[in-house]
Amino acid sequence: MNMYDDYNKYIIENEELLNYLKNSNSSVMYCLMDVLEVLDYIYKKYVDKVKIDNELEEIFEIGFGYLSNCLIDINTYYKDYFGKDIILFNKYSTLIIYSIMLDDVKGYLLSEERLTDERSEMLDKASKLIESTLINLKEVEGNVVAEIEDILEMVLPKKHKYKPVYQVFAMIAEELGVY
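What you see is a predicted model, and the numbers here were worked out from it, not measured in a lab.

S.K.: Please provide a residue-by-residue account of the overall build of the protein chain, values included.
M.R.: Across its full length, the protein chain holds nine helices and zero strands. Element order for the protein chain, N to C, with α for helix and β for strand: α-α-α-α-α-α-α-α-α. Radius of gyration (C-alpha) of the protein chain: 17 Å, near the 16 Å computed for a compact globule of 179 residues. For the C-alpha atoms alone, the extent of the protein chain along its principal axes is close to 50 × 40 × 30 Å. Taking all 179 residues of the protein chain together, the buried fraction comes to 44%. Restricting to contacts in the protein chain with at least 6 residues of sequence separation, those with at least 24 account for 74%. Across the protein chain, 19 positive and 34 negative side-chain charges occur, with their mean positions spaced 1 Å apart.

S.K.: Report on the environment of Glu-113, specifying residues and quantitative values.
M.R.: Looking at where Glu-113 falls in the secondary structure, it is placed in the loop between α6 (93-111) and α7 (117-135). Judged by its relative accessible area of 76%, Glu-113 falls in the exposed class. Residues Glu-113 and Gly-83, 30 residues apart in the sequence, show an inter-C-alpha distance of 38 Å.

S.K.: Could you give an account of the nonpolar core, with specific residues and numbers?
M.R.: Tyr-7, Leu-32, Leu-67, Ile-74, Phe-89 and Ile-96 are the most contacted members of the largest nonpolar core, which has 63 residues in total. The leading source of residues in this core is helix α4 (residues 54-81), at 11 residues. When neighbours within four sequence positions are excluded, Ile-96 is seen to be in contact with Val-28, Ile-74, Tyr-77, Phe-82, Phe-89 and Leu-134.

Cut-offs used in this document
Residues numbered from 1 in each chain as written. Predicted model: local features only at pLDDT ≥ 70, side-chain atom pairs only at ≥ 80, totals over all residues. Heavy atoms only, no water. Helix = DSSP H or I, 4+ residues; strand = E, 2+ residues; numbered from the N terminus. Rg over C-alpha atoms; globule rule 2.2 N^0.38 Å. Buried < 20%, exposed > 50% of the residue type's maximum accessible area, 1.4 Å probe, protein only. Contact = heavy atoms within 4.5 Å. Lys, Arg positive; Asp, Glu negative; His and termini not counted. Charge placed at Lys NZ, Arg CZ, Asp CG, Glu CD. Core = buried A, V, L, I, M, F, W, Y, C linked by side-chain atoms within 4.5 Å.

The following block contains the structure:
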């Protein structure tokens with residue numbers, strides 16, 4: 001099996017969850033929509049037996065990796081934390097988005113060889129804050145969100161090129177004319 005067939009299988013396995021997210025207008029889809037659009041666009045080329053150049057192949061590989069990492073976490077939250085209650089899931093969507101962003105920032109810092117022990121500890125602290133709130137179904141307080149935002153601001157170097165994966169895929173989708 002290749003990554004395109006793996007992607008198709010993965011989408012079928014997660015179709016129910018993706019439909020729940022779309023149909024409930026979950027804000028979590030903000031992190032996934034453009035990635036899905038670009039991956040579907042490239043996958044259709046594969047199905048139509050159109051030659052996929054190296055750049056599109058790399059974009060597909062990165063996007064699929066990001067999507068599968070996100071969906072693993074989203075599935076855990078949806079099934080294990082919220083008992084498949086999409087309304088409860090969406091109530092905590094802000095923190096779920098921050099969780100996705102924390103993973104994304106960590107990946108960025110790692111790829112740039114700028115993930116120090118101090119930055120890693122700060123990101124872990126933010127993740128634990130999110131996990132504690134989600135596991136215990138606590139109210140999302142403004143100070144928790146502010147603390148997470150402060151940590152994100154502190155861990156990113158003052159001069160950085162970081163853009164969230166979903167934002168990069170929005171630009172790719174526009175460039176490819178996917179919409």
